[in-house]
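Secondary and tertiary structure notes
In case you want the letters, here they are:
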Amino acid sequence: MTVLGVTFLQFIKYYFKKISMFNFLIFGPPGSGKGTQSVKLAEKFNLKHLSTGDMLRAEIAAGTGLGKRMSSIMSKGELVPDEVVIELIATKIDSSKDCAGFLFDGFPRTVAQTIALEKMLNERGMKIDSMLVLDVEHDELVKRLVLRAEQSGRPDDKDPAVIENRIDVYRAKTEPIIDFCKKKGIYQPVNGMGTIDDIFGRLSGSMKKFI
Ligand code: B4P
């Protein structure tokens, strides 16, 4: 049946799209392309991009008390305390309207943050739909971060020892989230080697199954 050129199936799809929010985690070691790809994906799929790294850097740039306390932790390549980022994310979720869902970039970074995120979403009638994990070789990660240090001057990219520490912290504290997500059936590995456009195509293909 067609009314005003819209089939019944198109109407049902539109209706459910309106009431469903899709929540994606973009995941991977430092330099894997999370931030780079998130900006493009959020625009393509009308998702709200929530980057805890960007939020923390904004606090530092604004010279807030929180920013001053977090600055020395971040410049060593360590993770800031779970409660700090959980609070930042909760505030953003509640103030974000008119989007098809959320794209969490760099959050969660510990199993405790993952459990907190799941609880936050469940309390608001949502869930984590997919965890997209960028797989990139170690040497390529270092190469990208060293290059970014030359271009953007980010303090945590300048020192090779800090880059290695960030990768170690990822392996020790962040990677265990993969097992947690595998058990929930939401783990989706994506090849993160190649050009930005190639990787964007792979990630978009994985996300289209949901949106
Ligand atoms: P983040 O801001 O999340 O930064 P990151 O892990 O270094 O990766 P990012 O997303 O920025 O880089 P990308 O791979 O896109 O975290 C920074 C710090 O904040 C952490 O170390 C921690 O201290 C703190 N923090 C943040 N979230 C936290 C949390 N939840 N809990 C606790 N602490 C937290 O890109 C890297 C470079 O590669 C770019 O220059 C890009 O242009 C380039 N690139 C990307 N893709 C490429 C490709 N395909 N080919 C060539 N170059 C590419």
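For every chain, the first residue of its written sequence is number 1, and the numbers climb from 1 along that sequence. The model is predicted, so local features are restricted to residues of pLDDT at least 70 and side-chain atom pairs to those at 80 or more, both for listing and for counting; the totals for chains, interfaces and linings are taken over all residues. The basis for the side-chain values is all heavy atoms of the structure; hydrogens and waters are excluded.

**Comments concerning the packing of helix α5 (residues 82-95) against helix α6 (residues 111-123)**
For clarity, the cut-off: Lines fitted to C-alpha atoms define the axes here, with helix axes fitted over just the stretch in contact, and angles between the N-to-C directions of these axes take values from 0 to 180 degrees. Numbering of helices and strands runs from the N terminus; a helix is a DSSP stretch of H or I covering at least four residues, while a strand is a stretch of E covering at least two. Should an angle fall under 35 degrees it is taken as roughly parallel, and over 145 as roughly antiparallel, whereas 65 to 115 is taken as roughly perpendicular and any remaining angle as oblique. Crossing chirality is assigned from the near helix's rotation relative to the far helix, an anticlockwise turn below a right angle marking it left-handed and a clockwise turn marking it right-handed. What makes two residues a contact is simply this: any of their non-hydrogen atoms within 4.5 Å. The classification used treats Ala, Val, Leu, Ile, Met, Phe, Trp, Tyr, Cys and Pro as nonpolar, Asp, Glu, Lys and Arg as charged, and all other residues, Gly among them, as polar.
Packing of α5 against α6 leaves a shortest axis separation of 10 Å and a crossing angle of 25°. Taken together, the axes of α5 and α6 are roughly parallel relative to one another. The two elements α5 and α6 cross, and the hand of that crossing is right-handed. Contacts between α5 and α6 involve Asp-82, Val-85, Ile-86, Ile-89, Ala-90 and Ile-93 on the former and, on the latter, Ala-112, Gln-113, Ala-116, Leu-117, Met-120 and Leu-121. Its residues assigned to classes, the contact of α5 with α6 shows ten nonpolar, one polar and one charged.

**Digging into the packing of aromatic side chains**
The line we're drawing: Planes of paired rings set the category: under 30 degrees apart is stacked, over 60 is edge-to-face and the rest tilted, where pairs are Phe, Tyr or Trp rings (Trp by its six-membered ring) whose centres lie within 6.5 Å. When accessible area is computed with a 1.4 Å probe and restricted to protein chains, residues below 20% of their type maximum are described as buried, those above 50% as exposed, and intermediate ones as partly exposed. Lysine and arginine charges are scored as sitting over a ring when NZ or CZ, respectively, is within 6 Å of the ring centre and within 35 degrees of the ring normal.
Across all of its chains, the model carries four aromatic pairs by this definition. Ring centres of Phe-27 and Tyr-170 lie 5.9 Å apart, and the angle between their planes is 55°; on these two criteria the pair is classed as tilted. With Phe-27 in strand β3 (residues 22-27) and Tyr-170 in helix α9 (residues 160-174), the pair connects residues that are 143 residues apart, well separated along the chain. Tyr-170 carries the same exposure label as Phe-27, and that label is buried. Here a set of aromatic residues connected by ring pairs shows up, and it is made of Phe-102, Phe-104 and Phe-107. The positively charged end of Lys-40 is found above the aromatic ring belonging to Phe-200, 4.7 Å away from the centroid. Above the ring of Tyr-187, the side-chain terminus of Lys-182 is found at 4.9 Å from the ring centroid.

**A word on the sheet that holds strand β5 (residues 101-105)**
Spelled out, the test is: Any two strands with at least two DSSP-identified bridges between them are counted as paired.
Taken in spatial order, the five strands line up as β4-β5-β3-β6-β7 in an open sheet, and their pairing is parallel. Across the chains shown, the open sheet's two edge strands, defined by having one partner strand only, are β4 (48-51) and β7 (187-191). Adjacent strand axes in the sheet meet at a mean angle of 20°, parallel and antiparallel pairs treated alike. Two elements, β4 and β5, share four bridges in a ladder whose sense is parallel. Pairing of His-49 across the sheet is with Leu-103, part of β5. Of the strands in this sheet, β4 and β5 touch helix α3 (residues 52-62), which is tilted by about 65° from β4.

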